Amino acid sequence: MIKFKLNGSVVETDAPSTVRLLDLLREEFELIGSKEGCGEGECGACSVLVDNLVQNSCLIPIGALEGTDVQTIEGYSKTPQYQVLNECYATAGGVQCGFCTPGMIIATEALLSKNPHPSEEEIREGISGNLCRCTGYNMIVDAIQLAAKKGDGLW
Amino acid sequence: MVTKTVASYHFDTLAETISKLNEEDCTIIAGGTDVMVLHKSRRGVAPKIAKPVVFIDHLRELKQTYLEDGDLHIGACCTYGEMLEHSLIPNIFKKAIREVAAPAIRNRGTLGGNICNASPAGDMLPLLYIFNAKLVLRSVNEDRIVEIHDFIQGPRRIARQQNELLVEIILPEVVNEARLIFEKIANRRADAISKVSFAGLLQVQAGKVADARFAFGAVGPTMVRSQETEKKLLSQVYPLKVEVLDEVVADFASIINPIDDQRSTAAYRKTVALKLLRYFLTSKELF
Ligand SMILES: Cc1cc2nc3c(=O)[nH]c(=O)nc-3n(C[C@H](O)[C@H](O)[C@H](O)COP(=O)(O)OP(=O)(O)OC[C@H]3O[C@@H](n4cnc5c(N)ncnc54)[C@H](O)[C@@H]3O)c2cc1C
Ligand code: FES
Ligand code: FES
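An unreviewed UniProt entry lists chain B under the name Xanthine dehydrogenase family protein subunit M, with Robertmurraya kyonggiensis given as the organism.

If you check an unreviewed UniProt entry, chain A appears there as (2Fe-2S)-binding protein from Robertmurraya kyonggiensis.

Below, the structure written as structure tokens:
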């Protein structure tokens, strides 16, 4: 039995320890906000927060999660920080097809919680593990800059 | 307490982990960023790992970084992210770490994992080689200390006994004024594997070379280092005479034999490797 915190509640699973967190989230817990793009750590669509650090859920064997605190986009969407990101991504046009968006939002949260007023360079580095096929990134960078301004004091 | 699901172990202590390794041949998982990709199966299906699995990345004992008698000890399970934030980690290592993958991988991938994966393109390896890193391998019987160049034997081949765990990496003290370089050449800045990497150390005292060390990555099955060539530089006047410089570059030209693969060509790798060496040995802007 593996026990950890998921979006604020303690959960247990008897799935084998090498199951990927991404599969556990999507199949056992029906949390389908985390997406599978590459399955090899390269696209960031599966990003979640583990103990407040951004990580790729496609690379995490659930056995490594014992005692940790996992937050997915579903849990994060209940926070005031998410409200700001949601609004700023919409305003700046940072979402097109939306496939990368949950991962992008999680990477943005990880960035802003460490560095509430990042430079453009720091923003690009913060989201460098997240691929977007639609926006060309500039609109996402704008969204994050806007969020840093609008959400001043939140992070 | 042991959490056991289909022959997998997650012990509270290092001691229990080591004694399990003595009983059973296990697949060790630290961050899992190499293991999970290597054993990847279809979507929705757990990676196929044949042996029992032992998780180690939660073990506090493997996350300590401290100085002892001038030597820096780094716990095998320190992640790139943890090393970036630690004041004792040398800046040149931090520069290299910023060029590894992207933030999410840096929050999982460990130094010990990079070493034990023994990839020719492992980005921590060139610096570890020029720092003369020593590895502490622990088993129920003893702590064995091995030089990194003896430990890494080829792609994914390391001199680890089945009952041993890499617990610590030791960086012997490096003289303060040493000039250090790390360069990684890859297709893009994030999430790209090295085509060539290079680490160099040069110490000049009273106008003469007092120490010189070089290691090249991704140009052979393991890092390329030549202590024989390095010795030729000792006591030479600095800036180096053209003949001395040419001889050192020619020595490396004869031992660097890269391959063509999907990431680059042998010719490109060799040209760039030698240019990086020449640049390091002559650059005035660099220091
Ligand atoms: C998208 C992506 C990008 C990457 N980019 C880079 C890059 O830019 N540069 C780079 O160098 N690497 C890169 N890597 C590779 C990988 O992230 C690193 O090699 C990392 O350091 C591996 O550490 P880990 O803890 O995740 O290793 P794991 O996958 O847990 O382990 C790797 C190997 O080492 C063994 N092992 C681990 N710890 C120990 C120990 N303490 N004792 C004995 N054996 C041990 C394991 O059994 C396994 O064989 C990348 C990987 C991915 C998925
Ligand atoms: S699906 Fe995890 S990084 Fe692409
Ligand atoms: S909006 Fe389509 S991938 Fe980013």
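## What to know about the interface of chain B and chain A
Contacts between chain B and chain A engage 34 residues on the former and 36 residues on the latter. For the pairing of chain B and chain A, the buried interface totals around 2700 Å² over both sides, and the portion due to carbon and sulfur atoms is 56%. When the buried surface of chain B facing chain A is broken down by residue, Met36(B), Asn107(B) and Arg108(B) rank first, second and third, together holding 19% of it. Applying the counting criterion to the chain B and chain A interface returns five salt bridges. Here Glu40(A) and Lys40(B) are joined by a salt bridge, their closest N and O atoms 3.7 Å apart. Where chain B packs against chain A, one counts nine residue pairs in polar contact (both at pLDDT 80 or more). Every element with two or more residues in the side of chain B that touches chain A is listed here: α2 (35-38), β3 (53-55) and α5 (103-106) of chain B. For the side of chain B that touches chain A, the leading source of residues is α5(B), giving four residues. Considering only residue class, the side of chain B that touches chain A consists of 15 nonpolar, nine polar and ten charged.

## Things to note about the domain arrangement of chain B
All names here are of chain B. In terms of domain boundaries, chain B breaks down into domain 1 (1-174) and domain 2 (179-286). Taking only C-alpha atoms, the centre of domain 1 and the centre of domain 2 are 27 Å apart. In this complex, domain 1 contributes 26 residues to the contact, which on the side of domain 2 involves 25 residues. Contact between domain 1 and domain 2 buries roughly 2000 Å² in total, counting both sides, with carbon and sulfur atoms accounting for 63%. Measuring nitrogen to oxygen at the nearest pair gives 2.7 Å for the salt bridge that ties Lys 184 to Asp 123. At the surface where domain 1 touches domain 2, the tally comes to nine residue pairs in polar contact (both at pLDDT 80 or more). Every element with two or more residues in the side of domain 1 that touches domain 2 is listed here: α4 (91-98), α7 (125-130) and β8 (152-154). The element best represented in the side of domain 1 that touches domain 2 is α7, accounting for five residues. Its residues placed into classes, the side of domain 1 that touches domain 2 shows 17 nonpolar, six polar and three charged.

Rules behind the numbers
Residues numbered from 1 in each chain as written. Chains lettered and ligands numbered in written order. Predicted model: local features only at pLDDT ≥ 70, side-chain atom pairs only at ≥ 80, totals over all residues. Heavy atoms only, no water. Contact = heavy atoms within 4.5 Å. Buried area = accessible area lost by both parts, 1.4 Å probe. Salt bridge = Lys/Arg side-chain N within 4 Å of Asp/Glu carboxyl O. Polar contact = N/O pair within 3.5 Å; in protein donor to acceptor, adjacent residues only side chain to side chain. Helix = DSSP H or I, 4+ residues; strand = E, 2+ residues; numbered from the N terminus. Nonpolar A, V, L, I, M, F, W, Y, C, P; charged D, E, K, R; others polar. Domains from an automatic or database assignment.

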